[in-house]
Amino acid sequence: MVNINMGERLKSLRQARRLTLKQVSELVGVSVSVLSAYEVEDRHPSYHILLKLATLYDVSCDYLIGKDKMRTLNVNGLSEREINSLAEIIDIMKANKK
């Protein structure tokens, strides 16, 4: 597995949500230049900002810092049938990677 640093994860999560640097900076309370510095690994967020980013992107802090390679999905509000459908899709995708 390729080692992804925190900056790459932050950028990837932001882009996956189709958010701009400006939008995220306003949501977490840092300047665009600071957020950009996080994404290129020139700076690292404080614990407080790290928590805000993890909450915004619906991931764990461990995922952001690279300790946990697995990303979880929030399935709150989905029916058991919908959750099972997602699990099946994931299994199919994993099987196609083999």
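See the structure above.
I will try to describe carefully the structure that is included in this document. Residue positions are given per chain, counted from 1 along the sequence in the order it is written. Per-residue local features are limited, in this predicted model, to residues with pLDDT of at least 70; the limit for side-chain atom pairs, both in listing and counting, is 80 or more; totals at the level of whole chains, interfaces and linings are taken over all residues. No hydrogens and no water enter the side-chain calculation; it runs on all heavy atoms of the structure.

### Digging into the nonpolar core
Link 1 in the chain: What is meant by a nonpolar core is a set of buried Ala, Val, Leu, Ile, Met, Phe, Trp, Tyr and Cys residues, joined one to another through side-chain atoms within 4.5 Å. The cut-offs for exposure are 20% and 50% of the maximum accessible area for each residue type, with area from a 1.4 Å probe on protein chains only; residues under the lower value are buried, those over the upper are exposed, and the others partly exposed. Ranked by internal contacts, the top residues of the largest apolar core, which has 18 residues, are L10, V24, V30, Y38, L53, Y57 and L64.
Link 2 in the chain: Sorting the residues of this core by element identifies α1 (6-16), α2 (21-28), α3 (32-39), α4 (47-57) and α5 (61-65) as the ones contributing at least two each.
Link 3 in the chain: Think of it this way: any DSSP run of H or I at least four residues long counts as a helix, any run of E at least two long counts as a strand, and we number them from the N terminus. A total of 5 residues in this core trace back to one element, the largest contributor, which is α4.
Link 4 in the chain: Whether two residues touch is decided by their heavy atoms; if any such pair falls within 4.5 Å, the residues are in contact. The residues touching V24, leaving out its near neighbours within four places in the chain, are R14, L19, L35, L53, L56 and Y57.

### As for the pattern of salt bridges
Link 1 in the chain: When a carboxyl oxygen of Asp or Glu lies within 4 Å of a side-chain nitrogen of Lys or Arg, that pair is called a salt bridge. Applying the stated criterion across every chain yields a total of 2 salt bridges.
Link 2 in the chain: Among the salt bridges present, the one from E39 reaches R14, with a minimum N-O distance of 2.7 Å. Linking E39 in helix α3 with R14 in helix α1, this pair joins segments that are 25 residues apart in sequence.
Link 3 in the chain: With relative accessibility at 9%, the residue R14 sits in the buried group.
Link 4 in the chain: We note a salt bridge from K22 to E26, for which the minimum N-O separation is 2.7 Å. In this pair, K22 and E26 both sit in helix α2, 4 residues apart, roughly one turn of the helix. The same class applies to K22 as to E26, namely exposed.

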